[in-house]
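The lines below spell out each chain.
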Amino acid sequence: MAKTKTDLPDFSVKEIAMQSQNKTALIGVTIMNVILAIAYVVEVLKDARSIGSYAVIALLCVLPCVFAWMTYRKKPDATVIRYICSVGFAALYTYIMFTTSSDIAFCYVIVLLVILVVYVDLKFLVGLGIYSLLVNIVIIVRKAVAGQLTGANLTNAEIIVACLILTTIFTVLAVKKIEQINDANIDKAEKQKKNAERILMTTLDVASAMTANIEEAVGETEQLKEM
């Protein structure tokens, strides 16, 4: 049975909104990390990665999720949850990028940015985007120094840098627009609240005046009866 609007949590309450944001982000990050942990088993089976290297990846996938969920159980609206997820991912992303033979592994951060947009936290998202860009630039420089930045590798490097820059810019634009819409809705709600309060006060004043007039009329009626 579909939920009605009255069944939904009151997201206008900051604590409830934060709880919902944290839960959504945690579910997304957990799903991504589980898929990555399973996917890299294939590299071990292909002898493309050692068991020790895979163990590092598995730990970096599991531990941040465990800590984040433990924090969520203690305090569902904790701000630190987003940082546990992002720092854990940063460590995982850095290790994978410096040990992988595939250029397309850079796209993992794009998946994370998509789910973390739920926080509508501009500085947080920009910081994550810039960090991933710096990691990839360091790797590209290393390849250039080693003389590997030629042909297809050079093309891939250009695509990676362009894609991460555009992703970060578009994330900023999307978050700013969401913030503008939210601010506009808040301003509208405040105006409606003030108008409602003004109407209520006017109604009370009118009711008070009517009561006074009625009492005066009753008094005059009594006088007429006596006369």
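As a reminder, the structure under discussion sits directly above these lines.
Parameters at a glance
- Residues numbered from 1 in each chain as written.
- Predicted model: local features only at pLDDT ≥ 70, side-chain atom pairs only at ≥ 80, totals over all residues.
- Heavy atoms only, no water.
- Helix = DSSP H or I, 4+ residues; strand = E, 2+ residues; numbered from the N terminus.
- Buried < 20%, exposed > 50% of the residue type's maximum accessible area, 1.4 Å probe, protein only.
- Contact = heavy atoms within 4.5 Å.
- Areas by Shrake-Rupley, 256 points an atom, 1.4 Å probe, with all protein chains shown as cover.
- Polar contact = N/O pair within 3.5 Å; in protein donor to acceptor, adjacent residues only side chain to side chain.
- Salt bridge = Lys/Arg side-chain N within 4 Å of Asp/Glu carboxyl O.
- Expected span 1.5 Å × (residues − 1).

S.K.: If you had to explain the overall build of the protein to someone new, which residues and values would you point to?
M.R.: Within the protein, the secondary structure is distributed over six helices and zero strands. Each helix and strand of the protein, placed in order from N terminus to C terminus, yields the pattern α-α-α-α-α-α. Each of the 227 residues in the protein was classed as buried or not, and the buried ones make up 30%. The contacts of the protein with a sequence gap of at least 6 include a subset with a gap of at least 24, amounting to 70%. About 14,700 Å² of surface is accessible on the protein, with carbon and sulfur atoms providing 67% of the total.

S.K.: Which residues make up the side chain of Ser53, and what values go with them?
M.R.: Note on placement: Ser53 falls in helix H2 (residues 51-74). Separated by 2.9 Å, the side chains of Ser53 and Tyr95 make a polar contact.

S.K.: Let's hear about the pattern of salt bridges: which residues, and what values?
M.R.: By the definition in use, this model includes four salt bridges. Between Asp77 and Lys75 there is a salt bridge whose closest N-O contact spans 3.0 Å. Take Asp77: its relative accessible area is 17%, and that puts it in the buried class. Taking the relative accessible area as the measure of exposure, Lys75 reaches 45% and is therefore partly exposed.

S.K.: Tell me about helix H5 (residues 122-145), and name the residues and values.
M.R.: Counted at 1.5 Å a residue, the expected span for H5 with its 24 residues is 34 Å, and the 34 Å between its end C-alpha atoms agrees. If you check which residues of H5 are buried, you get Phe124, Leu125, Leu128, Gly129, Ser132, Leu133, Val135, Asn136, Ile139 and Ile140. Measuring from the backbone nitrogen of Phe124 back to the side-chain oxygen at the start of H5 gives 3.2 Å, which picks out Asp121 as the cap. Gly147 sits one or two positions beyond H5 and adopts a positive phi of about 75°.

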